[in-house]
Amino acid sequence: MKITLCIAAAVSAATVGHALAQTPPLTYNDLVREARKYEKLEGGERVVSNRVLFHTVKLDLKPFAGGSKDYFVKKSDEIGFICQATSRGFKGGTVVAEVVKHEEGAEGSHFYTLRNCAVTK
C-alpha cells in the first residue's frame, strides 16, 4: 500500500511539473492587464501578481531612443523593460524571457525586469 501511494505521488508530481513546463509564455497583453490591475490597488496592496513574476513572457522589444538600454513594446502604454542580461549585440526583437522584477515608475509607468534578453528564432 505504501509503495503504491509513493509511486502515485511521484507520478502526480511529475505530471504537474510537466504541465507547468509546457505552459505557454505570457503575452504583452497579459502584462498590460496585470499592470492596470496593480494601478487600482492602494498602498500595501500593491504587489505584482504571481501571475507575472517568475513567469515566462514573449515580447517584441523595441529600444528607447538616445542610447537607452531599456525597451518597450508600445510606448503609449508606459510599460518599459529592463534586461538583466542580453545576448551579444542585442538591440531588440522577439524575446522569450522570465519576468524577475517589477518597479512602479513615475506618473503610472511600470518597468519589468527580464532575466535574459536574446532574440528568438
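For the structure, check the block above.
Engineer: I would appreciate a short explanation of the pattern of salt bridges in the present structure.
Structural biologist: One side chain can pair with another of opposite charge once the charged atoms of both are near each other. For the structure shown, the criterion picks out five salt bridges. Salt-bridge contacts for lysine 37 lead to glutamate 34; the nearest nitrogen and oxygen are separated by 3.3 Å. Remark: glutamate 34 and lysine 37 occur in helix H2 (residues 28-39); sequence separation between them is three residues, near one turn of the helix. On the accessibility criterion, glutamate 34 (13% relative accessible area) is buried.

Engineer: I tried to follow the state of the cysteines on my own but got confused; where do I start?
Structural biologist: Such a bond, covalent and formed between the sulfur atoms of two cysteines, is termed a disulfide. Throughout the structure, instances matching the rule amount to one disulfide. Here cysteine 83 engages in a disulfide with cysteine 117; their sulfurs sit 2.0 Å apart. Taking the sign of the S-S torsion, about -85° here, the bridge from cysteine 83 to cysteine 117 comes out left-handed. One end of the pair, cysteine 83, is in strand S3 (residues 79-86); the other, cysteine 117, is in strand S5 (residues 110-117), and 34 residues separate them in sequence. Like cysteine 117, cysteine 83 is buried.

Engineer: Where do I start with the packing of aromatic side chains in this structure?
Structural biologist: What describes a pair of aromatic rings is the distance from one ring centre to the other and the angle between the planes of the rings. Per the stated rule, a full pass over the model turns up four aromatic pairs. Where tyrosine 71 meets phenylalanine 90, the ring centres are 5.2 Å apart and the plane angle is 65°; that geometry is what we call edge-to-face. A residue pair is termed long-range when its members are at least 10 positions apart, and tyrosine 71 in strand S2 (residues 71-72) and phenylalanine 90 in the loop between S3 and strand S4 (93-104) qualify at 19 residues. With respect to class, tyrosine 71 is no different from phenylalanine 90; both count as buried. What links up through ring pairs into an aromatic cluster is the set Tyr28, Phe81 and Tyr112.

Engineer: Explain the environment of arginine 88 here, please?
Structural biologist: Topologically, arginine 88 is positioned in the loop between S3 and S4. The class for arginine 88 is exposed, based on a relative accessible area of 86%. Distance in space between the C-alpha atoms of arginine 88 and cysteine 117 is 9.8 Å, their sequence separation being 29 residues.

Engineer: I would appreciate a short explanation of the pairing of S4 in the present structure.
Structural biologist: It is a general feature of regular strands that their side chains alternate between the two faces of the sheet. Relative to S4, strand S1 (residues 56-63) runs antiparallel, the two sharing six bridges. Its bridge partner lying in S4, leucine 61 is registered against glycine 93. The pairing of S4 with S5 spans five bridges and is antiparallel. Pairing of glutamate 103 across the sheet is with phenylalanine 111, part of S5. Turn length for the S4-S5 hairpin, with the two strands adjacent in sequence and antiparallel, is five residues, and the turn residue glutamate 107 shows positive phi of about 50°.

Quick notes on the rules
- Here the residue index of a chain counts from 1 through its sequence in written order.
- Whole-chain, interface and lining totals are the exception, using all residues; otherwise, since this is a predicted model, local features are given only for residues with pLDDT of at least 70 and side-chain atom pairs are given and counted only at 80 or more.
- Neither water nor hydrogens contribute to the side-chain values; these are computed over all heavy atoms in the structure.
- By definition, a salt bridge exists where a carboxyl oxygen of Asp or Glu is found within 4 Å of a side-chain nitrogen of Lys or Arg.
- Secondary structure counts use DSSP, requiring at least four H or I residues in a row for a helix and at least two E residues in a row for a strand, with both numbered from the N terminus.
- Whether a residue is buried, partly exposed or exposed follows from its accessible area with a 1.4 Å probe, protein chains only, as a fraction of its type maximum: under 20%, in between, or over 50%, in that order.
- When two cysteine sulfur atoms lie within 2.5 Å, the pair is treated as a disulfide.
- Two rings from Phe, Tyr or Trp (for Trp, the six-membered ring) form a pair when their centres sit within 6.5 Å of each other. Planes less than 30 degrees apart are called stacked, planes more than 60 degrees apart edge-to-face, and all others tilted.
- Any two strands with at least two DSSP-identified bridges between them are counted as paired.

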